[in-house]
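# Observations on chain architecture
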Amino acid sequence: MPGDHRRIRGPEESQPPQLYAAAEEEGPAARDPTRLRPVYARAGLLSQAKGSAYLEAGGTKVLCAVSGPRQAEGGERGGGPAGSGGEPPGGGEERELALALQEALEPAVRLGRYPRAQLEVSALLLEDGGSALAAALTAAALALADAGVEMYDLVVGCGLSLAPEPAGTWLLDPTRLEEERAAAGLTVALMPVLNQVAGLLGSGEGGLIESWAEAVRLGLEGCQRLYPVLQQSLVRAARRRGAAAQP
Amino acid sequence: KASVSMGEVGKRHSYIVMGPPEDLRVDGRGCEDYRCVEVETDVVSNTSGSARVKLGHTDILVGVKAEMGTPKLEKPNEGYLEFFVDCSANATPEFEGRGGDDLGTEIANTLYRIFNNKSSVDLKTLCISPREHCWVLYVDVLLLECGGNLFDAISIAVKAALFNTSIPRVRVLEDEEGSKDIELSDDPYDCIRLSVENVPCIVTLCKIGYRHVVDATLQEEACSLASLLVSVTSKGVVTCMRKVGKGSLDPESIFEMMETGKRVGKVLHASLQSVLHKEESLGPKRQKVGFLG
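These numbers come from a predicted model, not from an experiment. (Residues numbered from 1 in each chain as written. Chains lettered and ligands numbered in written order. Predicted model: local features only at pLDDT ≥ 70, side-chain atom pairs only at ≥ 80, totals over all residues. Heavy atoms only, no water.)

Time to look at the sheet that holds strand S4 (residues 117-127) of chain A. Residue and element names in this part refer to chain A. As summarised here, the arrangement of the four strands in space is S1-S2-S3-S4, forming an open sheet in which the pairing is antiparallel. With one partner strand each, in any of the chains shown, strand S1 (39-43) and S4 form the two edges of the open sheet. With strand direction ignored, the average angle separating the axes of adjacent strands in the sheet is 15°. One ladder, built from seven bridges, connects strand S2 (residues 51-57) with strand S3 (residues 60-71); its direction is antiparallel. Paired with Leu-55 across the bridge in S3 is Val-62. Running over the sheet, helix H4 (residues 209-245) touches S1 and S2 and is turned about 35° from S1. (Pairing = 2+ DSSP bridges. Helix = DSSP H or I, 4+ residues; strand = E, 2+ residues; numbered from the N terminus. Axes fitted to C-alpha atoms, helices over the stretch in contact; angles between N-to-C directions. Contact = heavy atoms within 4.5 Å.)

The accessible area lost on association of the parts is a frequent measure of interface size. Taken together, the contacts link 33 residues of chain A with 34 residues of chain B. For the pairing of chain A and chain B, the buried interface totals around 3,000 Å² over both sides, and the portion due to carbon and sulfur atoms is 57%. One can count five salt bridges joining chain A with chain B. One salt bridge in this structure joins Arg-113 of chain B and Glu-96 of chain A, with 2.6 Å as the shortest N-O distance. At the level of elements, helix H1 (91-105), strand S7 (184-191), strand S8 (196-204) and H4 of chain A are the ones that each hand at least two residues to the side of chain A that touches chain B. Here the side of chain A that touches chain B gets nine residues from one element, more than from any other, and that element is S8 of chain A. Partitioning the side of chain A that touches chain B into residue classes produces 16 nonpolar, nine polar and eight charged. Relative to strand S14 (residues 238-245) of chain B, S8 of chain A runs antiparallel, the two sharing three bridges. Paired with Ser-203 of chain A across the bridge in S14 of chain B is Cys-240 of chain B. (Buried area = accessible area lost by both parts, 1.4 Å probe. Salt bridge = Lys/Arg side-chain N within 4 Å of Asp/Glu carboxyl O. Nonpolar A, V, L, I, M, F, W, Y, C, P; charged D, E, K, R; others polar.)

The subject of this paragraph is the UniProt feature "domain: Exoribonuclease phosphorolytic" (unreviewed entry) in chain B. Residues and elements named next belong to chain B. Annotation from UniProt places "domain: Exoribonuclease phosphorolytic" (unreviewed entry) at residues 34-168 and 198-263. The span residues 34-168 carries 21% helix and 38% strand; its end-to-end C-alpha distance comes to 36 Å. A helix fraction of 29% and a strand fraction of 41% characterise residues 198-263, whose end C-alpha atoms lie 16 Å from each other. (UniProt positions renumbered as here; feature names shortened; annotations may be inferred.)

Right, let's get into the sheet that holds S7 of chain A. The antiparallel open sheet is built from eight strands, whose spatial order is S6(A)-S5(A)-S7(A)-S8(A)-S14(B)-S13(B)-S11(B)-S12(B). The strands lining the two open edges of the sheet, one partner per strand, are strand S6 (170-172) of chain A together with strand S12 (211-214) of chain B. This sheet shows a mean twist of 25° between the axes of neighbouring strands, independent of strand direction. Strands S8 of chain A together with strand S11 (201-208), strand S13 (226-232) and S14 of chain B of the sheet are contacted by helix H2 (residues 101-114) of chain B, whose axis makes an angle of about 155° with S14 of chain B.

Residue and element names in this part refer to chain A. Interaxial distance between helix H2 (residues 132-146) and H4 falls to 11 Å at its minimum, and their mutual angle equals 35°. The handedness of the crossing between H2 and H4 comes out as right-handed. Contacts between H2 and H4 pair Thr-138, Leu-142, Ala-145 and Asp-146 from the former with Leu-230, Ser-233, Leu-234, Ala-237 and Arg-241 from the latter. Among the residues forming the contact of H2 with H4, the class breakdown is five nonpolar, two polar and two charged. (Left-handed = near helix turned anticlockwise from the far one by under 90°.)

Following this line, the structure appears as structure tokens:
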């Protein structure tokens, strides 16, 4: 990995203070495994982007912008890279998340209507308070819809994490603390009206197939519950556009 | 008089799509059958462990090198694995130059994901002295030929290579001033072997039409819009799940595919274990096939 030359180099033998930190505080409080954090979604806020969306759920804040369609360099597929900034380290994780974003958004967009063109979706993670990929997926779909890109359906993302033993239950929409202590994590992306799963990414010690199946079901339910909020935000954005265009 | 004839490609597509509901594929396999798999270990002499897997036209070579390094800060009592995937230009012309880099990164990231849990490899056995020295296993995957179903073949090859890996046994000697010295054992055959019981294998299920198939060839992959990748251990524990491809999947299909993945995975692990043990029992005198066979 390329070194970060702009940062001041510490001494050769430095150790991070976390090694000497006192014992960790109590784990996250018990809660209803199916609770979704309140979501604030707003579409159409960036003036320079064709379409944009901002999504906030708990401590997670994502800003997404869409530009294009513009001529693709080679290849006839629409699509494009997504970059995520904020806290996560290094290129590897960003590339993986960008690929996950692309694979989840492709089924929803009518790519056939944009031959030899490229749509660029860039997601900026301002703060990661848990379920960052799910929030980025939802924001990206909202931004695409706001840009007027032809789509079959919106894509709604939902994160889950498996609480470690002894509880061992899947928690919907985990916070950062719950994600860090989790034994496994899963993100599902659903197209609510068509009831088709657009994306799925999960890893960890989730146990047997039945446990993962239960998690997927819980995630899909969560996605369906989020859908009305997103519909409302798009309607409001359209009204705002209409009102601004009038005088 | 106009006549319409379906081109070659169109006909092949319809054979591939209409076959699976009858449990019939173009090469005569059933929907849950793998192609013939050839596994050979210890093919590269200057590695700590290596394996070569041929799955139909897919050819993968994996080499594992054990080197000493410093443990990661948040896991001071464990060693770790590093994966690197190289898509050789021999595999398909699309990989020429930088073309194969994206696919290589995707495969490497998937490998990191499937091994990212406590039970796959016992990383504590790789620790030499906490916070100072540990074994780092550099797993290098080389794609020699691309014939469909890359992920499955790569995971089988990685498991075989890890099974074949032997890490030299070392001792940490501490003298009176407290300075530590690492001593390698004199006997070249005195090694630690890794337990690969819980190493997962990837099963890729491709959705073709209304059914799903295991171990798709290149043509079948071209007809499939979406696949589910499930990484499953011999005990049926799932360590990773991922949807791949441009299409979407029905939730019911996903549950069916997960069940199939578990079933097929168990059989795959059982046969791989028996083949690896049989090969090892033949001892150093066995006939090596290598690359010319």
